[in-house]
Amino acid sequence: MRLPRWVLAVVAAGVVVVAVDVAVVVVAHDGTEPAAAQGSAERSRAGSTPSPDAVAVIDPGARSVVATVAVGRQPTAVAAGYGGAWVLSRGDGTLAHIDAKTHAVVSTMEPDATVNDITLGAGGVWFAGRPRGVNGPLQTAELERIDPETDAVDRSFETGTGASVIAAGGNALWSTGYLGGHVRGAARSDAESGKMRKLDIGIYGDLVTADDTAVYYVASIGNRVARVSTRTGTLTHSLTLATDESLAAGNVPPSPTDVVFGAGSLWISTTDGSVLKIDSRLGGIRDSIHACRNALAIAFGEGAVWVACGDNSVVRIDPGTDEVGEPIGVDGLPRGIAAGAGAVWVTLNR
């Protein structure tokens, strides 16, 4: 049976999202069983109860884990700022707020949307996802803002972004998702009104980061980067991460896994454990830094670049010298990482 074109479009969009999630497991194995899985197996054989999924809190000065905070099932995305950290647990659909001083969970909410991603900026903590129990168009997505002081939703927009990833910058939300009409791509949503505008960036950027000047979209399948002005919403620069000569020679480049902007550079983690340091105007790759065997996620803050690795560790990179520090061990497989509010926060699946 031949599938309708709209079904193919939806499947294609879903494959990218699923691939990002599955890649974490595949890359983490790297030919061996991750330490977290080994530990779970040993606990199972011993008859003990497995440790709950958690967030590791790292002191950026001491470069060691100072606390482990239990959260919901399968924590993935994490964002830090406004005096704490916000954690998305995909397994039970909850958002937890951790206080930066006490390292205690001060609130847990179950949003009225199946949350795909979270970000900080534009006055609060934003999340994006499809409304629960709504049989509407596939592109329908909620963009909601949490007031970090009250932990209550104070702004909500129903959009046609189909958002699967989001970033905040320039008083707007920048997303990628299914836009309807057999189209998947990028969009800008005004943080005040929710008004949406589709973006023409030439790639499907399933990774995104932003500041007040620019937003960067990275295609993990295709190894391309696009820079968009937050003022005009137009494409200003683009960059291919693999040269034609390299591809012609049969060299398969590592796939990007995450992206962050900081200290005047764009930083991209990849499946072979390297971190690419790229000029802010996408003028070229300044450095390729070997961080670990498999880099799963990346963050900037607290004066450094932080890389979550599939061997149950976190690595610090000095943004000035590109020097890589000693690995910091964490008790579980990292899924997300954020730096801010005086700490580095790492979501762990056990």
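Residues numbered from 1 in each chain as written. Predicted model: local features only at pLDDT ≥ 70, side-chain atom pairs only at ≥ 80, totals over all residues. Heavy atoms only, no water.

## A word on the packing of aromatic side chains
Taken as a whole and assessed by the stated rule, the structure comprises two aromatic pairs. In this arrangement the basic side chain of Arg184 is found over the ring face of Tyr204, its NZ or CZ atom lying 4.6 Å from the centre. (Phe/Tyr/Trp six-rings, centres within 6.5 Å; stacked < 30°, edge-to-face > 60°. Lys NZ or Arg CZ within 6 Å of the ring centre and 35° of its normal.)

## Here's the deal with the pattern of salt bridges
Enumeration according to the criterion identifies six salt bridges in this entry. Notably, a salt bridge pairs Arg155 with Glu192, separated by 3.4 Å at the nearest N-O pair. You can see Arg155 sitting in strand S10 (residues 152-159) and its partner Glu192 sitting in the loop between strand S13 (183-190) and strand S14 (196-199), a full 37 residues away along the chain. Residue Arg155 is classed as buried on the basis of its relative accessible area, which comes to 19%. In this structure, Asp331 and Arg350 form a salt bridge, with 3.4 Å as the shortest nitrogen-oxygen distance. With Asp331 in the loop between strand S26 (328-329) and strand S27 (333-340) and Arg350 in the segment after strand S28 (343-349), the pair connects residues that are 19 residues apart, well separated along the chain. (Salt bridge = Lys/Arg side-chain N within 4 Å of Asp/Glu carboxyl O. Helix = DSSP H or I, 4+ residues; strand = E, 2+ residues; numbered from the N terminus. Buried < 20%, exposed > 50% of the residue type's maximum accessible area, 1.4 Å probe, protein only.)

## Structural notes on the pairing of strand S16 (residues 214-219)
Taken across its six residues, S16 has six buried, putting it largely inside the fold. Inspection of the sheet shows strand S15 (residues 207-210) paired to S16 by four bridges, in the antiparallel sense. Note on S16: the bridge partner recorded for Thr209 is Tyr216. Adjacent in sequence and paired antiparallel, S15 and S16 are bridged by three residues. Relative to strand S17 (residues 224-229), S16 is paired through six bridges, and the arrangement is antiparallel. (Pairing = 2+ DSSP bridges.)

## Regarding the state of the cysteines
All chains considered together, the criterion is met by one disulfide. Through a disulfide, Cys292 is tied to Cys309; the S-S separation comes to 2.2 Å. One quick way to see it: the torsion about the S-S bond of Cys292 and Cys309 is about -90 degrees, and its sign makes the bridge left-handed. Of the two residues, Cys292 sits in the loop between strand S22 (285-290) and strand S23 (295-301) while Cys309 sits in strand S24 (residues 304-309), which places them 17 residues apart along the sequence. What makes Cys292 buried here is its relative accessible area of 8%. The exposure class of Cys309 is buried, given its relative accessible area of 0%. (Disulfide = S-S within 2.5 Å.)

## Section: the sheet that holds strand S8 (residues 124-131)
Taken together, four strands build an open sheet; the order of strands is S7-S8-S9-S10 and the sheet is antiparallel. The sheet is open, and its two edges are formed by strand S7 (113-121) and S10, each paired on a single side. Averaged over all pairs of adjacent strands, the angle between their axes in this sheet comes to 20 degrees, without regard to strand direction. Note that S7 and S8 share eight bridges and pair antiparallel. Looking across to S8, one finds that Asp117 is bridged to Ala128. (Axes fitted to C-alpha atoms, helices over the stretch in contact; angles between N-to-C directions.)

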